[in-house]
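Structural overview
Here are the chains, one letter per residue:
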Amino acid sequence: MSKNARFTLNFANKTIVGTQNSFDKASKGYGPVYDELIALMEKHPTYGIEIKQPEKPAKPKQTYKGMDIPFIVDYLTAVKDYITLETVNEVIDYAGKMRESKYPLVKRVLFDAYKSFNYAEAKSCVDDYRYKQMLNSATCAKAKPTTDNNTVIGEAEENELKPVVNL
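Residues numbered from 1 in each chain as written. Predicted model: local features only at pLDDT ≥ 70, side-chain atom pairs only at ≥ 80, totals over all residues. Heavy atoms only, no water.

**Side note on the packing of aromatic side chains**
- A complete count under the given rule lists nine aromatic pairs for this structure.
- Here Tyr75 and Tyr114 contribute two aromatic rings whose centre-to-centre distance is 5.7 Å and whose plane-to-plane angle is 70°, an arrangement assigned as edge-to-face. Here Tyr114 lies in the loop between helix H5 (102-113) and helix H6 (119-140) and Tyr75 lies in helix H3 (residues 69-78), a separation of 39 residues in the sequence.
- One aromatic cluster in this structure is built from Tyr64, Phe71, Tyr75, Phe111, Tyr114, Phe117 and Tyr119. (Phe/Tyr/Trp six-rings, centres within 6.5 Å; stacked < 30°, edge-to-face > 60°. Helix = DSSP H or I, 4+ residues; strand = E, 2+ residues; numbered from the N terminus.)

This is how it looks when you write it as structure tokens:
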């Protein structure tokens, strides 16, 4: 049976060292954490208490809020990296067949292809790409002028020319 030591002794400073979380758990007045602290305090009645601050990672964790699989696909399409896009599509198919989570695998493919990936630049690139796609869709779907009998102007002439041109 292994026992987690939540508190340590600092003999040089004559203190009982623990995290804030450990002292909070011991302050409930019962349980194994409380028993451990009381035992140390009984053995070393002249020692004070020192709260140890948790170590912070050297580099903060990078988060990519808003980055999902459609974002990655749009980014690769916008930068015209069709080789990586094909790999992404293969990974998506594989993950679907294996019933694995797709996003971590796709993100890893992206980061393997772009070692110095800059998310801020990628967001800007994808925003521009999606805006151009929206404009393109809007211009293709714009309303055509109609006549009184609700036919599109030019449609009748086009239908009349089809037999002549063999369309």
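**Thoughts on the packing of H3 against H6**
- In contact at an axis separation of 9 Å, H3 and H6 are set at 80° when each is read in the N-to-C sense. Between H3 and H6, the angle is such that the two are roughly perpendicular. Contacts between H3 and H6 involve Pro70, Phe71, Asp74, Tyr75, Thr77 and Ala78 on the former and, on the latter, Tyr119, Ala122, Lys123, Cys125, Val126, Tyr129 and Arg130.
- Of the residues belonging to the contact of H3 with H6, the class tally is nine nonpolar, one polar and three charged. (Axes fitted to C-alpha atoms, helices over the stretch in contact; angles between N-to-C directions. Parallel < 35°, antiparallel > 145°, perpendicular 65-115°, else oblique. Contact = heavy atoms within 4.5 Å. Nonpolar A, V, L, I, M, F, W, Y, C, P; charged D, E, K, R; others polar.)

**Focus on the environment of Tyr34**
- Following the sequence through the fold, Tyr34 ends up in helix H2 (residues 32-43).
- Among the residues examined, Tyr34 registers a relative accessible area of 29% and is labelled partly exposed.
- Apart from residues lying up to four places away in sequence, Tyr34 is in contact with Ala26 and Gly29. (Buried < 20%, exposed > 50% of the residue type's maximum accessible area, 1.4 Å probe, protein only.)

**Brief notes about H5**
- With 12 residues, H5 should cover 16 Å at 1.5 Å per step; its first-to-last C-alpha distance of 17 Å lies within 8% of that length.
- Listing the buried residues of H5 in full gives Val106, Val109 and Leu110. Along H5, the residues classed as buried sweep out an arc of 100° about the axis, all on the same side.
- Residues of H5 that are buried in the fold lie against H3 and helix H4 (82-98). (Expected span 1.5 Å × (residues − 1). Arc of directions from axis to C-beta.)

**Focus on the pattern of salt bridges**
- Tallying each qualifying case throughout the model produces one salt bridge.
- The partner of Asp74 in a salt bridge is Arg130, and the shortest N-O contact between them spans 2.6 Å. With a gap of 56 residues between them, Asp74 in helix H3 and Arg130 in helix H6 connect regions that are remote in the sequence.
- Residue classification places Asp74 among the buried positions, given a relative accessible area of 18%. (Salt bridge = Lys/Arg side-chain N within 4 Å of Asp/Glu carboxyl O.)

**A word on the packing of H3 against H4**
- Two numbers describe how H3 lies on H4: the axes approach to 8 Å, and their chain directions differ by 155°. Considering their axes alone, H3 and H4 lie roughly antiparallel with respect to each other. The handedness of the crossing between H3 and H4 comes out as left-handed. Of the residues in H4, those touching H3 at Ile69, Val73, Leu76 and Thr77 are Tyr82, Thr84, Leu85, Val88 and Ile92.
- Its residues placed into classes, the contact of H3 with H4 shows seven nonpolar, two polar and no charged. (Left-handed = near helix turned anticlockwise from the far one by under 90°.)

**With respect to the side chain of Asp81**
- When you line up the elements, Asp81 lands in the loop between H3 and H4.
- Look past the residues within four positions of Asp81 in its chain and what remains in contact with it is Leu76 and Tyr114.

**Some remarks on the pairing of strand S2 (residues 15-19)**
- Counting buried residues in S2 gives four out of five residues, a clear majority hidden from the surface.
- Of the strand pairs in this sheet, strand S1 (residues 7-10) and S2 are connected by four bridges, and their pairing is antiparallel. Bridging from a neighbouring strand, Leu9 pairs with Ile16 of S2.
- Hairpin geometry of S1 and S2 is characterised by an intervening segment of four residues between the two adjacent antiparallel strands and by a positive phi of about 55° at Lys14. (Pairing = 2+ DSSP bridges.)

**Focus: H6**
- The first and last C-alpha atoms of H6 sit 31 Å apart over 22 residues, in line with the 32 Å expected at 1.5 Å per residue.
- Every buried residue of H6 is listed here: Tyr119, Ala122, Val126 and Tyr129. In a view along the axis of H6, the buried residues occupy a sector of 90°, so they form one face of it. Set apart from the buried face of H6 by more than 90 degrees, the exposed residues are Ala120, Glu121 and Lys132.
- Buried-residue contacts for H6 involve H3.

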